[in-house]
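One-letter residues, chain by chain:
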Amino acid sequence: MYNHSRGVQEQQADELMSKYIKHYEAKTGRSRQLFMHASSLLPSGTSHNIRYFEPYPFFARMASGKYIYDVDGNAYTDYWMGHWSLILGHAPKVVVDVLRERVVEGTIFGTVNEHALRLAEIINRLMPRAEMLRFVSTGSEATMYAVRLARAYTGKRIVAKIEGGWHGFNTDLMHSVNYPFDEPEGKGMLEEEMRYLVALPFNDVESSISILNKVKDDLACIIVEPLLGGAGCIPADKEYLHVLQEYARKSSALFILDEIVTGFRLSLHGAQQIYSLEPDLFTLGKIAGGGLPIGVVCGLKEVMNLADVRGKGKWDRVSIGGGTYSENPLSMSAGAAVLEYLASNRDIYERLEMLGDEVRRGIDRVMVDHGIRVKSTGMGSLFLTHFLKDGVEDVRSARDAVQCDLRMQRLYHFALLSMYDIFFLPNKLGAISIEHDSIDIRRLVDASERIASDMASM
Ligand SMILES: Cc1ncc(COP(=O)(O)O)c(C=O)c1O
């Protein structure tokens, strides 16, 4: 029986993993071949580190609704959902229809267009703090520009981010992401760059304030995800976010909310509505692009106007934006189609939340029934099951998340993929789309039950 107090029986866990890998390899032969070839052309066979997992990721052929199909003919129920960007599922009709029409009209104009204006209007209507905005092609650019705007507006340098917080691969914010949080994030990253950054422990008001107090005179901004995504699908306490917002106000710094995951996911008006926040700047991505590349920097006119080039020399303006493919008509139209769909079907959030509660409760119940201590965290349609170890009672920060049994979590996710055709990117949160229903949730809970039974007999 799996006994957390004795720790995972490593050898038995390895044996279980070998069984799952064997099963996976038997059904993904073509993917394996392609991956070997890909590895000679692309480092780790991919262009995004987290897409690699052992023994090799399956190669996707197509995706539709809640399913993703691989080159070997397997159909997986997808909870990775394009990095959680597909709230309407894969290839929803509203997006396919608009893209069919648009693509023949040209894929990039490289100049201003009404499709971008329309998406800007919709975002402005749904999220009133987006008094002005700028479109870019990725979330990483959006957060980089938000920080640049904050430094320019305040004339200060230090950025406070959250320990474990993920804002993309830009150099300004690519610090204190992975454990150990105070070590550089890898080669090519300069320690000196961390000089202008402090990391705050999530949901810990006292320690965060004490760190902020040391830098407040040079504090340009506090940037935070309302739900810590990549670091463990952990919702912020309302009080914590309000304390940070208030602290930024009092120290003439900007409060930046990174809503790249949560925007249009937790509610039509983002986490900022749920938490009653008033960020000076915020960032969007993922859902806002309707399944096509996008990032958006949004915020108050007074700050965003610094980017207006008219009548200014380079010393008087902030250079944000740029990007050959920014405001391309395809991303703009797909994003608008999805947001309009969401705005006219507001009841979907209630349903997604219900399914989210069902899945969190269901997985925890079957695991605990088998003597496995877990905690499924999340909010609305986002969720992740953590395998608790001795001394960890709850998961409220990135530190708590890394103290959980990540190996068991990987085993669990890989078992779902290999044995039950249910796809989570190992160790990453899952997202429910409107294509998923109660039957899918029941299937996921039943599969978790069977995996729990395997684990319990280790
Ligand atoms: C909260 C958050 N911010 C920023 C990013 C970066 O977005 P992109 O991958 O589009 O660069 C991500 C990506 O997952 C994210 O989760």
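Residues numbered from 1 in each chain as written. Predicted model: local features only at pLDDT ≥ 70, side-chain atom pairs only at ≥ 80, totals over all residues. Heavy atoms only, no water.

- The name given to the chain in an unreviewed UniProt entry is Glutamate-1-semialdehyde 2,1-aminomutase 2, with Candidatus Nitrosocaldus cavascurensis as the source organism.
- Among the UniProt annotations of the chain, the heading Sequence similarities (unreviewed entry) holds the following wording: "Belongs to the class-III pyridoxal-phosphate-dependent aminotransferase family."
- Recorded in UniProt under Cofactor (unreviewed entry), the annotation for the chain is "pyridoxal 5'-phosphate". (UniProt positions renumbered as here; feature names shortened; annotations may be inferred.)

As for the layout of surface pockets
- Estimates place the volume of the second largest pocket at around 580 Å³.
- What lines the second largest pocket is a set of 20 residues, and nearest its centre among them are Val112, Leu133, Arg134, Phe135 and Glu327.
- Every element with two or more residues in the lining of the second largest pocket is listed here: helix H5 (114-126) and strand S4 (132-136).
- With 4 residues, S4 is the largest single contributor of residues to the lining of the second largest pocket.
- Residues that form the lining of the second largest pocket fall into these classes: 11 nonpolar, 5 polar and 4 charged. (1 Å grid on protein atoms, 1.4 Å probe; cavity = no way out; pocket = protein on both sides within 12 Å on 5 of 7 lines; lining within 4 Å. Points joined across faces, edges and corners; volume = space filled by probe spheres on them. Helix = DSSP H or I, 4+ residues; strand = E, 2+ residues; numbered from the N terminus. Nonpolar A, V, L, I, M, F, W, Y, C, P; charged D, E, K, R; others polar.)

A look at the nonpolar core
- One finds Ile123, Phe135, Phe264, Leu342 and Leu444 to be the most contacted residues of the largest nonpolar core, which totals 125 residues.
- Inspection of this core shows a minimum of three residues originating in each of domain 1 (4-78 + 347-456) and domain 2 (93-343).
- The residues touching Leu444, leaving out its near neighbours within four places in the chain, are Tyr79, Val359, Ile363, Phe383, Tyr412, Leu416, Ile422 and Phe424. (Core = buried A, V, L, I, M, F, W, Y, C linked by side-chain atoms within 4.5 Å. Buried < 20%, exposed > 50% of the residue type's maximum accessible area, 1.4 Å probe, protein only. Domains from an automatic or database assignment. Contact = heavy atoms within 4.5 Å.)

As for the sheet that holds strand S1 (residues 60-64)
- On the basis of which strands lie adjacent, the open sheet formed by 4 strands has the order S1-S2-S3-S15 and mixed pairing. Each end of this open sheet is capped by a strand with a single partner; those strands are S1 and strand S15 (422-423).
- With 3 bridges joining them, strand S2 (residues 67-70) and strand S3 (residues 75-78) adopt antiparallel strand pairing. Each bridged residue has a counterpart across the sheet, and for Tyr69 the counterpart in S3 is Ala75. (Pairing = 2+ DSSP bridges.)

Brief notes about the domain arrangement of the chain
- Parsing the chain into structural domains produces domain 1 (4-78 + 347-456) and domain 2 (93-343).
- Taken together, the two surfaces of domain 1 and domain 2 that pack against each other cover about 2000 Å², and 65% of this comes from carbon and sulfur.
- Of all residues in domain 1, Tyr349, Met379 and Arg396 give up the largest surface area on contact with domain 2, accounting jointly for 33% of the area buried on that side.
- The tally of links from domain 1 across to domain 2 stands at 2 salt bridges.
- Note that Asp237 is salt-bridged to Arg396, the shortest N-O span being 2.7 Å.
- Applying the counting criterion to the domain 1 and domain 2 interface returns 10 residue pairs in polar contact (both at pLDDT 80 or more).
- Breaking the side of domain 1 that touches domain 2 down by element, the ones donating at least two residues are helix H12 (348-369), strand S13 (374-379), strand S14 (382-387) and helix H13 (398-403). (Buried area = accessible area lost by both parts, 1.4 Å probe. Salt bridge = Lys/Arg side-chain N within 4 Å of Asp/Glu carboxyl O. Polar contact = N/O pair within 3.5 Å; in protein donor to acceptor, adjacent residues only side chain to side chain.)

Section: the packing of aromatic side chains
- Tallying each qualifying case throughout the model produces 16 aromatic pairs.
- Considering the side-chain rings of Tyr24 and Phe414, the 5.1 Å spacing of their centres and the 65° angle between planes classify their relative orientation as edge-to-face. One end of the pair, Tyr24, is in helix H1 (residues 10-27); the other, Phe414, is in helix H14 (residues 406-420), with 390 residues separating them in the sequence. The burial state of Tyr24 is the same as that of Phe414; both residues are buried.
- Ring centres of Tyr67 and Tyr69 lie 6.3 Å apart, and the angle between their planes is 50°; this geometry places the pair in the tilted category.
- Residue Tyr69 is classed as partly exposed on the basis of its relative accessible area of 23%. (Phe/Tyr/Trp six-rings, centres within 6.5 Å; stacked < 30°, edge-to-face > 60°.)

Some points on the sheet that holds strand S5 (residues 158-162)
- What the 7 strands build is an open sheet, ordered S4-S12-S11-S10-S7-S5-S6; its pairing is mixed. Of all the strands in the sheet, just S4 and strand S6 (197-200) have a single pairing partner and so form its edges. Direction aside, neighbouring strands of the sheet carry axes that sit 20° apart on average.
- Across 3 bridges, strand S10 (residues 254-258) lies against strand S11 (residues 281-285) in parallel orientation. Paired with Leu257 across the strands is Phe282, a residue of S11.
- Each of S4, S11 and strand S12 (295-299) is contacted by H5, which is oriented at about 130° to S4, the strand it contacts most.
- Running over the sheet, helix H8 (residues 238-250) touches S5, S6, strand S7 (219-224) and S10 and is turned about 160° from S7. (Axes fitted to C-alpha atoms, helices over the stretch in contact; angles between N-to-C directions.)

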